[in-house]
Amino acid sequence: MKRRGFTLIELLVVIAIIAVLIALLLPAVQAAREAARRAQCVNNLKQLGLAVQTYASSTDAVPPTGSGTLVGTNNFSMKARLLPFIEQSSLFNALNQSYFDEANAGGRNDTVVVTQVNTFLCPSDGNVPNDALAVSNKTGSFVRGYHSYPNNLGTLLWNNGKFFDGPAYHMNENPANNHGSVVTLSRITDGLSNTVIFSEFIRGKNETTSQGLHQIYTASMKNPNAVVTYSVDNYVQPCQTSKTVAFGHKGRRWLAQDCGSGGGYSHVMLPNTQACFFNDQTGGAEERWTLVGASSYHAGGVNTAMLDGSVRFIKNSINKGSWRALATMAGNEVIDASSF
């Protein structure tokens, strides 16, 4: 009896067809997965924006970006103060408000410090800053809870009479209102739908060698440390030309107020451009001024949560005037929606 079978050529043709089909389908599958991740990222920002609205309804103010003093108070981020409004009341209640972050707390906040909150994580970004903490009330070392979503500080306070021009303020400042008074919704004269409260940035990779948007670089200029009248454009070139890495743990602690670590970001740099610290910037200074901007792994731009609770996708091609106008809360700019 004669047996029928595939010839070698026929088998190779079938394999080639399957390979072509896989090559055609794989990008579509990957695109669908990224679309789902991006949708989750938008949803996270939506929750944060609505949480700010609920917080403001309860207190008649947006949450503070941090503390103006580290004596007898905490340096918790804006995200930490929103925990009860994103169904994380138990985590908020576990915070010892008398101690700032994990430092000097004797382990009192260790459990919260190492807790990952899904609402604070953009699934499009798989980077892990991996800033480990040897906790006091557990055995071993744990990664601190990291995040993807800094809050908007505006541009730079030295270019605004030493005050935040974004929807940000400090509690417990000495002297009082040193960088601006409590931000109520009535002070947002540019309009809630035209003022950003949160955006996103690419997290660090816990290393200090590779170049990319996951890094924070050292700008080739010092922090002005005094009120200046020149444009914030003066900060762009000293940052964008730097190749010296300053900080490899971007987004490492959602609980802390420090910029680049857990707290705010600025609109000095355009979306998805290099982030920087000033070359004399160390320690706790980063909670007040920063050249760290918004970035993402989404193609073409970044997501932003507005103060009215909406979320907008801002293209990388947005002009600098519109990007900075979206950052300020009372700049009286006229923003053309077609510009972003």
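Residues numbered from 1 in each chain as written. Predicted model: local features only at pLDDT ≥ 70, side-chain atom pairs only at ≥ 80, totals over all residues. Heavy atoms only, no water.

Looking only at helices and strands, the protein has six helices and twelve strands in total. Taking all 340 residues of the protein together, 50% fall into the buried category. Total accessible area on the protein is roughly 15100 Å²; 55% of this is exposed by carbon and sulfur atoms. (Helix = DSSP H or I, 4+ residues; strand = E, 2+ residues; numbered from the N terminus. Buried < 20%, exposed > 50% of the residue type's maximum accessible area, 1.4 Å probe, protein only. Areas by Shrake-Rupley, 256 points an atom, 1.4 Å probe, with all protein chains shown as cover.)

Further remarks concern the state of the cysteines. Under the defined criterion, the tally for this structure stands at one disulfide. What pairs with cysteine 239 in a disulfide is cysteine 276, and their sulfur atoms sit 2.1 Å apart. Here cysteine 239 and cysteine 276 share a disulfide; its torsion about the S-S bond, 90°, makes the bridge right-handed. Residue cysteine 239 is located in helix α5 (residues 236-240), and its partner cysteine 276 is located in strand β10 (residues 275-277); the two are separated by 37 residues in the primary sequence. You'll find cysteine 239 and cysteine 276 in the same group, each marked buried. (Disulfide = S-S within 2.5 Å.)

With that out of the way, let us pick up the sheet that holds strand β8 (residues 245-247). Strand order in the open sheet formed by three strands is β8-β7-β10, and the pairing between neighbours is mixed. The outermost strands of the open sheet, each flanked by one partner alone, are β8 and β10. Averaged over all pairs of adjacent strands, the angle between strand axes in this sheet comes to 55°, irrespective of strand direction. The pairing of strand β7 (residues 216-218) with β8 spans two bridges and is classified as antiparallel. (Pairing = 2+ DSSP bridges. Axes fitted to C-alpha atoms, helices over the stretch in contact; angles between N-to-C directions.)

All right, on to the pattern of salt bridges then. In this structure the tally under the stated criterion is three salt bridges. The salt bridge partner of aspartate 258 is arginine 253, with a shortest N-O separation of 3.9 Å. Taken individually, aspartate 258 and arginine 253 each receive the classification buried, so the pair is uniform in this respect. Each member of the salt-bridge network shares a partner with another, and the members are Asp233, Lys320 and Arg324. (Salt bridge = Lys/Arg side-chain N within 4 Å of Asp/Glu carboxyl O.)

Here strand β11 (residues 301-306) runs beside strand β12 (residues 311-315); their pairing, made up of five bridges, is antiparallel. Within β12, the position partnered with asparagine 303 by the bridge is phenylalanine 313. Counted between consecutive antiparallel strands, the loop separating β11 from β12 contains four residues, among which glycine 309 sits at a positive phi close to 95°.

This next bit is on a nonpolar patch on the surface. A grouping of Ile9, Val13, Ile17, Val20, Leu21, Leu24 and Leu25 is seen on the molecular surface, where their side chains present a nonpolar patch of about 700 Å² in accessible area. The exposure class of valine 20 is partly exposed, given its relative accessible area of 48%. (Patch = residues over 30% accessible without salt bridge, like charges linked within 9 Å, V, L, I, M, F, W, Y side chains within 5 Å.)

Now for the nonpolar core. Core analysis: the largest hydrophobic core is formed by 34 residues, its most contacted members being Leu82, Phe198, Trp254 and Leu255. Apart from the residues lying within four places of it in its own chain, the contact partners of phenylalanine 198 are Leu45, Leu48, Val52, Met78, Lys79, Leu82, Tyr149, Pro150, Asn151, Tyr265, Thr304 and Ala305. One finds Trp158, Tyr235, Phe278 and Trp289 within the second-largest nonpolar core, a separate group that totals 21 residues. (Core = buried A, V, L, I, M, F, W, Y, C linked by side-chain atoms within 4.5 Å. Contact = heavy atoms within 4.5 Å.)

Moving on: the packing of aromatic side chains. Going through the model one piece at a time under the given rule, you end up with six aromatic pairs. An angle of 50° between the planes, with centres 5.3 Å apart, marks the rings of phenylalanine 120 and tryptophan 254 as tilted. Residue phenylalanine 120 is found in the loop between α4 (110-113) and β2 (132-134), and its partner tryptophan 254 is found in the loop between β8 and β9 (264-265); the two are separated by 134 residues along the sequence. For the pair formed by phenylalanine 120 and tryptophan 254, the shared burial category is buried. Centre to centre, the rings of phenylalanine 247 and phenylalanine 277 are 5.9 Å apart; their planes meet at 45°, and the pair counts as tilted. Pair noted here: phenylalanine 247 is in strand β8 and phenylalanine 277 is in strand β10, with a separation of 30 residues, a long-range link. Here phenylalanine 277 falls in the buried class, since its relative accessible area comes to 6%. An aromatic cluster is present here, built from Tyr230, Tyr235 and Phe278 joined pairwise through their rings. Its end group placed over the ring of phenylalanine 313, arginine 38 keeps NZ or CZ at 3.9 Å from the ring centre. (Phe/Tyr/Trp six-rings, centres within 6.5 Å; stacked < 30°, edge-to-face > 60°. Lys NZ or Arg CZ within 6 Å of the ring centre and 35° of its normal.)

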